[in-house]
Protein chains: 2
Amino acid sequence: MEQVALARPATVPAKVDEQLCFALYAASKALTAAYRRGLAELSLTYPQYLTMLAVWERDGRSVADLGSAVDLDSGTLSPLLRRLEQAGLIRRVRSTHDERVVHIFVTDRGRELEPRAAAVRARVEAATGLSADEFVQVRSMLHRLRSTVLDALPHL
Amino acid sequence: MEQVALARPATVPAKVDEQLCFALYAASKALTAAYRRGLAELSLTYPQYLTMLAVWERDGRSVADLGSAVDLDSGTLSPLLRRLEQAGLIRRVRSTHDERVVHIFVTDRGRELEPRAAAVRARVEAATGLSADEFVQVRSMLHRLRSTVLDALPHL
DNA sequence: TCCGATTTGATTGAGTACAACTCAACTGTA
DNA sequence: TACAGTTGAGTTGTACTCAATCAAATCGGA
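Every value quoted in this text rests on a predicted model; they were computed, and no experiment measured them. (Residues numbered from 1 in each chain as written. Chains lettered and ligands numbered in written order. Predicted model: local features only at pLDDT ≥ 70, side-chain atom pairs only at ≥ 80, totals over all residues. Heavy atoms only, no water.)

(A) Structural context of the overall build of chain A. Of the regular secondary structure elements, chain A holds six helices and three strands. When its helices and strands are written in sequence order, chain A yields α-α-β-α-α-β-β-α-α. The C-alpha atoms of chain A give 19 Å as radius of gyration, which overshoots the globular expectation for 156 residues (15 Å, by more than 25%). Overall size of chain A, expressed as C-alpha extent along the three principal axes, is 55 × 35 × 25 Å. In chain A, buried positions account for 49% of the 156 residues. Across chain A, every contact between residues at least 6 apart in sequence was considered, and the portion connecting residues at least 24 apart equals 48%. Element-wise, carbon and sulfur atoms account for 51% of the exposed surface of chain A, whose accessible area totals about 7800 Å². Here chain A holds 21 positive side-chain charges and 19 negative ones, and the gap between their average locations is 5 Å. (Helix = DSSP H or I, 4+ residues; strand = E, 2+ residues; numbered from the N terminus. Rg over C-alpha atoms; globule rule 2.2 N^0.38 Å. Buried < 20%, exposed > 50% of the residue type's maximum accessible area, 1.4 Å probe, protein only. Contact = heavy atoms within 4.5 Å. Areas by Shrake-Rupley, 256 points an atom, 1.4 Å probe, with all protein chains shown as cover. Lys, Arg positive; Asp, Glu negative; His and termini not counted. Charge placed at Lys NZ, Arg CZ, Asp CG, Glu CD.)

Written as structure tokens, this is what we have:
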């Protein structure tokens, strides 16, 4: 494995702007903020939007399956799904085969939101100013970075 | 301004994994998670670590100045700084020139944490598996993406 | 000097995050 | 068929995030 040859040694002061983690954190917040106004018109928060994407993608998924798709655990997902159900966008149905499992289904009202969410997404993606090629390259690099870090997580 | 020529039109279903925002969100969470265990040994959360970086960088900064450095508003920063003060890492001193302003100073105890935090940072950066060149390129690309999106924010 | 506008930090409320825990339901094995 | 161990969803407690709002202090023009 290749090691990072740092310009700045580990024991010397570091600036916030030089941190890769801050660059990621701030860029992520900026993109989330870009979604905020558009999603608010659909009465969705950003994590709720992500969750609806996963539900639209495949109906009847279990809570655990949704959690791995959107990278959230049951502690976050349970109340979030409760709010989506109260808003009438999804239904929760306990499995008959395995009573521990709850399946999530979109309602008609939830289905109606999909094209409107797609329009919001299109506006935000245009605002990134990235070409289609750049878009794909950045995305795949971020996925790669993520899986490298996740692989290293256990022995950190 | 260049427009994104999307492979997938705006009105057609999109998958979670194809979203740039999700790639950013998930990568940011992974890197934050990589910091978690090491920072926990210093009794710091990740936003607290970011804030301490900014305080170590320059002593006596105002709350608003810190907020712009770490991209947090007073609603987040006020209780966060209260906890850092309770932990004995910083002091809050109200300005004599302008009584609205509060300056943040590191304590000796807070200063002692700096090299230990630097060691955590070094371990996490190594875990990214990025070369020094790649590290700098990814970082600058993320900064660029952020400022493009922030510029576009007002007319979204 | 007076007074309206602005700035600064703090507070509140709704909604994530995440670790630690609970509990019912399921599984494999003897 | 027992039953120890595991799994899935939910709950609790602490902390972060952001919009909206507030009070005090400052500033600036008449």
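After that view of the structure, there is still more to cover.
(B) How the structure looks around unusual backbone geometry. Residues and elements named next belong to chain B. Phi at Ser43 is positive, roughly 55 degrees, even though this residue is not glycine. You can see Ser43 is positioned in the loop between α1 (20–40) and α2 (46–57). For Ser43, a relative accessible area of 62% corresponds to the exposed category. The phi dihedral of Asp71 falls on the positive side, at around 65 degrees, and the residue is not glycine. With respect to the secondary-structure elements, Asp71 resides in the loop between α3 (63–70) and α4 (74–86).

(C) Structural context of the relation of the copies chain A and chain B. Rotating chain A by 180 degrees about the axis while translating it 0.0 Å along that axis superimposes it on chain B, leaving an RMSD of 0.1 Å. Those values place the two copies in the arrangement expected of a two-fold rotation axis. Comparing interface residues between copies, 100% of those in chain A also sit at the interface in chain B, which points to an isologous, same-surface contact. (Least-squares fit on C-alpha atoms with pLDDT ≥ 70 in both.)

Note that every value here comes from positions in space, so none of it alone points to a role or purpose.
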